[in-house]
Amino acid sequence: MNFNHSPIGVFDSGVGGISVLKVLHRELPGEQFLYYGDTKNAPYGTKTPEEVLGYCREILDFFKKQQVKAVVIACNTATAAAAAALRAENPELPIIGVEPAIKPAALVGSHPKVLVMATPMTLHLDKFRTLAKTLVPLADLITLPCPGLVELIEAGEPNSAQVRAFLARLLGEQLRDPPDAVVLGCTHYPFVLPTLRELFPEKTLFFDGAEGTARQLRRRLQEEDLLAPPSLEGSVRFFSSKNDPETYLLMQKLFHSAP
Ligand code: DGL
């Protein structure tokens, strides 16, 4: 059996990972992607790491039944909570995670002010704290947990007046004294970028982990000799633990929305 033709599993707690999927599909157009949104269990970021690991194991089982050749955890929270255990439990499967892009953000100027928006769990776990510590000499890092934002995005209108009001309230002081760079440390947040751009001054730069994840996936597939042959036409199929028409419509809408 030629595993180069096998699909790649991409998952998130819900629709957020579609912001990563879009970049993966653009950068690796010959690959077959299966996207799984664990909409029934979203949000992950306010649960315990043990609960999130349990959900991730179920998703891995689903993907293994689909005979995937690699898995992308398109979720910062699940990467922080579960990637290490999933890799240890599935040594034969390349598993690529996503991390808040704080390194490139810390390099935008001389000791810039960098605001990191993420879920409470991502900011709390060691993975982020360890990385953040290494950047202390380079940048003034300010962390902002955003509980509630994922639910608003899952509701389907990421740039509504309601979301704008929520963000204006949450960002408060950060809008009065704006950062040089904002890190979108949750894969749902790129969907509110149009609103964030309106709220912050034009010079504020935004970063997310999707491009880095695509580069890492390509590298791993090349290493394992698993890249799809260029003759193959890529595809995307959506799955959801909620399995209802509204969720699939939202997935399609977000996948086809402007980058
Ligand atoms: N999209 C996710 C992340 O990147 C998970 C958000 C959540 O479910 O709380 O962190």
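Cut-offs applied
- Residues numbered from 1 in each chain as written.
- Predicted model: local features only at pLDDT ≥ 70, side-chain atom pairs only at ≥ 80, totals over all residues.
- Heavy atoms only, no water.
- Helix = DSSP H or I, 4+ residues; strand = E, 2+ residues; numbered from the N terminus.
- Buried < 20%, exposed > 50% of the residue type's maximum accessible area, 1.4 Å probe, protein only.
- Polar contact = N/O pair within 3.5 Å; in protein donor to acceptor, adjacent residues only side chain to side chain.
- Near = heavy atom within 4 Å.
- Nonpolar A, V, L, I, M, F, W, Y, C, P; charged D, E, K, R; others polar.
- Phe/Tyr/Trp six-rings, centres within 6.5 Å; stacked < 30°, edge-to-face > 60°.
- Contact = heavy atoms within 4.5 Å.

1. What to know about unusual backbone geometry
That bond from Ala42 to Pro43 is cis: its omega, 0 degrees, falls within 30 degrees of zero. Mapped onto the elements, Pro43 comes out in the loop between β2 (32-37) and α2 (49-65). Although it is not a glycine, His111 sits at a positive phi angle of roughly 45 degrees. Note on placement: His111 falls in the loop between α4 (102-106) and β5 (113-118). Here His111 falls in the partly exposed class, since its relative accessible area comes to 43%. Although it is not a glycine, Asp225 adopts a positive phi angle of roughly 55 degrees. Looking at the element boundaries, Asp225 is found in the loop between α11 (210-223) and β9 (235-240).

2. Some details on the side chain of Ser19
Tracing the backbone shows Ser19 in helix α1 (residues 18-27). Of the residues examined, Ser19 reaches a relative accessible area of 11% and is grouped as buried. Polar contacts involving the side chain of Ser19 include one to the main-chain carbonyl oxygen of Thr187, which spans 2.7 Å.

3. Observations regarding the site of the ligand
Taken together, 13 residues lie around the ligand, and Ser13, Tyr44, Gly45, Thr77 and His188 are the ones closest in. The separation between an oxygen atom of the ligand and a polar side-chain atom of Ser13 is 2.6 Å. Interatomic distance of 2.7 Å between a side-chain N/O atom of His188 and a nitrogen atom of the ligand. Considering only residue class, the shell around the ligand consists of five nonpolar, seven polar and one charged.

4. A look at the packing of aromatic side chains
The final tally for this structure, using the stated rule, is nine aromatic pairs. With a centroid separation of 5.2 Å and an interplanar angle of 50 degrees, the aromatic rings of Tyr36 and Phe62 are classed as tilted. With Tyr36 in strand β2 and Phe62 in helix α2, this pair connects stretches of sequence that are 26 residues apart. Given a relative accessible area of 21%, Phe62 falls into the partly exposed group. A centroid spacing of 6.0 Å and a plane angle of 65 degrees characterise the contact between Phe200 and Phe206, whose relative ring orientation is edge-to-face. Of the two residues examined, Phe200 and Phe206, each falls in the buried class. Every member of this aromatic cluster is reached through a ring pair, and the members are Phe11, Tyr36, Phe62, Phe63 and Phe239.

5. Describing α1
Of all 10 residues making up α1, seven are buried, and the element is well covered by its neighbours. Turning to α1, its buried residues number three or more, namely Ile18, Ser19, Val20, Leu21, Lys22, Val23 and Leu24. At its buried positions, α1 is contacted by β1 (8-12), β2, β3 (70-73), α11, β9 and α12 (245-256).

6. Some points on the environment of Val116
Structurally, the position occupied by Val116 is in strand β5. Overall, the relative accessible area of 0% leaves Val116 in the buried class. Here Val116 is in contact with Ile102, Leu123, Phe128, Leu141, Ile142, Thr143, Leu144 and Val183, once residues within four sequence places are set aside.

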